[in-house]
Amino acid sequence: MADTEQIPESIAELVPNFTILTLPMVTRFRGITEREIMLFEGPDGWAEFSPFTEYDAAESSRWLRAALEFAGLLPGTAEAGPSAVGQLADTAGRSGAAAVRSVAVNATLPACATSEVESILARYGPVGTVKAKVAEHGIDSLPADVERLREFRRLFPSTTLRLDANAGYSLPEALRACAELAELDLQYFEQPVAAVEDMARLREQLDGLPVVLAADESIRKAEDPLRVAELGAAEVVIVKVQPLGGIAAARSIIEACGLPAVVSSALESSVGLAAGAQLAATLPRTPVSRELLGEHPACGLGTGRLFAEDVVSADLSVRPVNGQIPVTRIVPDPQRLERLAVDQGRFDWWSMRLQECWSVLRPSLLSSRS
Ligand SMILES: [Mg+2]
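Computed from a prediction, not measured in an experiment: that's the story for all the values here.

Rules used throughout
Residues numbered from 1 in each chain as written. Predicted model: local features only at pLDDT ≥ 70, side-chain atom pairs only at ≥ 80, totals over all residues. Heavy atoms only, no water. Pairing = 2+ DSSP bridges. Helix = DSSP H or I, 4+ residues; strand = E, 2+ residues; numbered from the N terminus. Axes fitted to C-alpha atoms, helices over the stretch in contact; angles between N-to-C directions. Contact = heavy atoms within 4.5 Å. Expected span 1.5 Å × (residues − 1). Buried < 20%, exposed > 50% of the residue type's maximum accessible area, 1.4 Å probe, protein only. Polar contact = N/O pair within 3.5 Å; in protein donor to acceptor, adjacent residues only side chain to side chain. 1 Å grid on protein atoms, 1.4 Å probe; cavity = no way out; pocket = protein on both sides within 12 Å on 5 of 7 lines; lining within 4 Å. Points joined across faces, edges and corners; volume = space filled by probe spheres on them. Nonpolar A, V, L, I, M, F, W, Y, C, P; charged D, E, K, R; others polar. Domains from an automatic or database assignment. Phe/Tyr/Trp six-rings, centres within 6.5 Å; stacked < 30°, edge-to-face > 60°. Lys NZ or Arg CZ within 6 Å of the ring centre and 35° of its normal. Donors = N, O, S within 2.8 Å, 3.2 Å for Na, K, Ca; no water.

Colleague: Could you give an account of the sheet that holds strand β3 (residues 45–49), with specific residues and numbers?
Modeller: The sheet built from 3 strands is open, its strands ordered β1-β2-β3 with antiparallel pairing. The sheet is open, and its two edges are formed by β1 (19–29) and β3, each paired on a single side. With direction set aside, neighbouring strand axes in the sheet form an average angle of 35°. Here strand β2 (residues 32–42) runs beside β3; their pairing, made up of 5 bridges, is antiparallel. By the bridge assignment, F40 is partnered in β3 with A47. In the packing of helix α2 (residues 57–71) onto the sheet, the strands contacted are β2 and β3, and the crossing angle to β3 comes to about 175°.

Here it is as structure tokens:
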């Protein structure tokens, strides 16, 4: 088959049918109360393409690559074909282990009143790992963060605790926060500062403080995700399937970084979360990752509960039950697709966006073949 046939100019030849949905969220998150997503089906099953609406075509084209790969529609590359499930079985087979059917997820503790810690975490049922958001208002939040997390430790002395500052501190502020929060027995501290260079400086200046740094935004938003490893900016990397361009791309980045990885979501429906679960179930386990993250590291894929609606009923969804999500493929419920469908204006906007992203992605697929 000629290249131009296999990698057509019009995405409509690869993806003739798709559906666009609005998923209402339980509460405002990341400044939004509903999430628009595209779903389509390929030979390997259903896939989700859901870059946030403000993302440009260049950034969003990586998300499209991920969706095409998960659907089995990525043309002209080594990843094409019935990939995901095959790789899962293959990985399990090679290691001699049974295929992983579920993965652990963390609960999330938002910035809340100290008196709410117990009731918020009670909703999750038994979980082994909690990720607490800190630095909502930068360093000004530190006294309240410390108080809230001391209460957490009083209630849950043996639960694994991670922190995420979403780059909310300057370098000196981050040092102060690490010094105060280190007593809480942290598994890791995600992205205290924004710049990858500052992450590296912070790590140097921690000077024996027992705080492991994890890079999230430094991997996902960076031009060069490998700089984290080159600069020694973190000991753990947070990886997300769609922003990194798919399961295969995420695996290559993890391998090239040589650092333990934790898979997290990009605020997806169960269809998108299923891709994350597949990656999480097949992450390489090394002595370093066991030492830093334990035997069954929780992933950040429990975000299904942030949505008031999903594309399947709760019992078929990738929602956490007792701190675990299933590793499975999701077939959306047609009635839900109909009920949650966007209006014609939004459908047209996404149709154009799909083609724009394809026009950015296509040349790289053509050049990777030649
Ligand atoms: Mg994060």
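Colleague: Run through α2, naming residues and quoting values.
Modeller: Taking 1.5 Å of rise per residue, the 15 residues of α2 would be expected to cover 21 Å, and the 20 Å separating its terminal C-alpha atoms lies within 8% of that figure. For α2, the tally of buried residues reaches 11 of 15 residues, placing the bulk of the element in the interior. Within α2, the full set of buried residues consists of E59, S60, S61, W63, L64, A66, A67, L68, E69, F70 and A71. Sitting at the amino-terminal end of α2 is D56, which places a side-chain oxygen 3.2 Å from the backbone nitrogen of A58. Directly beyond the C-terminal end of α2, a positive phi value near 80° is found at G72.

Colleague: Give me the layout of surface pockets: which residues, what numbers.
Modeller: If you add up the space inside the largest pocket, you get close to 1200 Å³. Residue lining of the largest pocket: 42 residues in total, with F29, R30, T108, K133 and L306 positioned closest to the centre. Only β1, α2, β6 (129–133) and α8 (217–220) provide two or more residues apiece to the lining of the largest pocket. Broken down by element, the residue count for the lining of the largest pocket peaks at 4 residues, all from β1. Residue classes in the lining of the largest pocket are distributed as 17 nonpolar, 9 polar and 16 charged. Counting contributing residues per domain, the lining of the largest pocket is built from domain 1 (3–86 + 333–369) and domain 2 (97–326), each supplying no fewer than three.

Colleague: Let's hear about the packing of aromatic side chains: which residues, and what values?
Modeller: For the coordinates displayed, the defined rule picks out 8 aromatic pairs. With a centroid separation of 6.0 Å and 85° between ring planes, the pair formed by F49 and W350 is classed as edge-to-face. With F49 in strand β3 and W350 in helix α15 (residues 344–369), the pair connects residues that are 301 residues apart, well separated along the chain. Here the two residues F49 and W350 agree in accessibility, since each one is buried. Taken together, a centroid distance of 6.4 Å and an interplanar angle of 85° make the contact between Y169 and F189 edge-to-face. Residue Y169 is located in the loop between β7 (160–164) and α6 (171–181), and its partner F189 is located in strand β8 (residues 186–190); the two are separated by 20 residues in the primary sequence. One aromatic cluster is present, formed by F49, W349 and W350 through successive ring pairs. The positively charged end of R329 is found above the aromatic ring belonging to F70, 3.5 Å away from the centroid.

Colleague: Describe the coordination of the magnesium ion, listing the residues and the values that go with them.
Modeller: Distances from the magnesium ion to its protein donors, D164 (OD), E190 (OE) and D216 (OD), fall within 2.1 to 2.3 Å. For the magnesium ion, all donor residues lie on one chain, and their spacing in sequence is D-x25-E-x25-D. Highlighted residues: E190 in strand β8 and D216 in the loop between β9 (213–215) and α8, separated in sequence by 26 residues. Note on accessibility: E190 and D216 belong to one class, buried.

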